[in-house]
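Report on the structure
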Amino acid sequence: MDKNGDIMILLAEEQTFLSRERTMHSYMQTGLAFSSVGLLIMKYLGGVLYFCAGLFFIIIGALLIIEAGKRYMRFRRAIATLREKEARLGYDTGIIR
């Protein structure tokens, strides 16, 4: 494949990885929101039912935050692989100077 085609493919891969990063950030924000709602329910509303509801929200938030962490680690590995591929092909499209 010619040089322009290779660069276009690398840039398309990078755009895909950046969209994955935005998804990871959405998971993190949603997880933090669920945890916050759970803490507010537990603090301001009394009773066993509200305690269980708050705990449920906190658990859901923790699971979302863990999933965001997993996605972050996969994102970092994928970007590192992309940078290696760029270096192997002799391109510096992702290099910050």
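Further up the page is the structure itself.
Residues numbered from 1 in each chain as written. Predicted model: local features only at pLDDT ≥ 70, side-chain atom pairs only at ≥ 80, totals over all residues. Heavy atoms only, no water.

1. Focus on the overall build of the chain
- Scanning the chain from terminus to terminus reveals two helices and zero strands.
- The buried share among the 97 residues of the chain stands at 22%.
- For the chain, long-range pairs separated by at least 24 residues make up 67% of all intrachain contacts whose partners lie at least 6 apart in sequence.
- Approximately 7000 Å² of the chain is accessible, and the part contributed by carbon and sulfur atoms is 65%. (Helix = DSSP H or I, 4+ residues; strand = E, 2+ residues; numbered from the N terminus. Buried < 20%, exposed > 50% of the residue type's maximum accessible area, 1.4 Å probe, protein only. Contact = heavy atoms within 4.5 Å. Areas by Shrake-Rupley, 256 points an atom, 1.4 Å probe, with all protein chains shown as cover.)

2. Thoughts on the packing of aromatic side chains
- Under the criterion given, the structure shown has two aromatic pairs.
- Each ring, one from F56 and one from F57, has its centre 6.1 Å from the other, and the planes form 65 degrees; the classification is edge-to-face.
- A residue is classified by how much of its surface remains accessible, and F57, at 25% relative accessible area, is partly exposed.
- These aromatic residues form a ring-pair network of at least three members: F34, F56 and F57.
- Sitting above the plane of the Y44 ring, K43 keeps its charged end 5.7 Å from the centroid. (Phe/Tyr/Trp six-rings, centres within 6.5 Å; stacked < 30°, edge-to-face > 60°. Lys NZ or Arg CZ within 6 Å of the ring centre and 35° of its normal.)

3. As for the nonpolar core
- Counting seven residues, the largest nonpolar core is built from L10, F17, F75, A78, I79, L82 and Y91.
- Secondary structure elements with two or more residues in this core: α1 (3-44) and α2 (48-89).
- Discounting chain neighbours no more than four positions away, the residues touching F75 are F17, L18 and E21. (Core = buried A, V, L, I, M, F, W, Y, C linked by side-chain atoms within 4.5 Å.)

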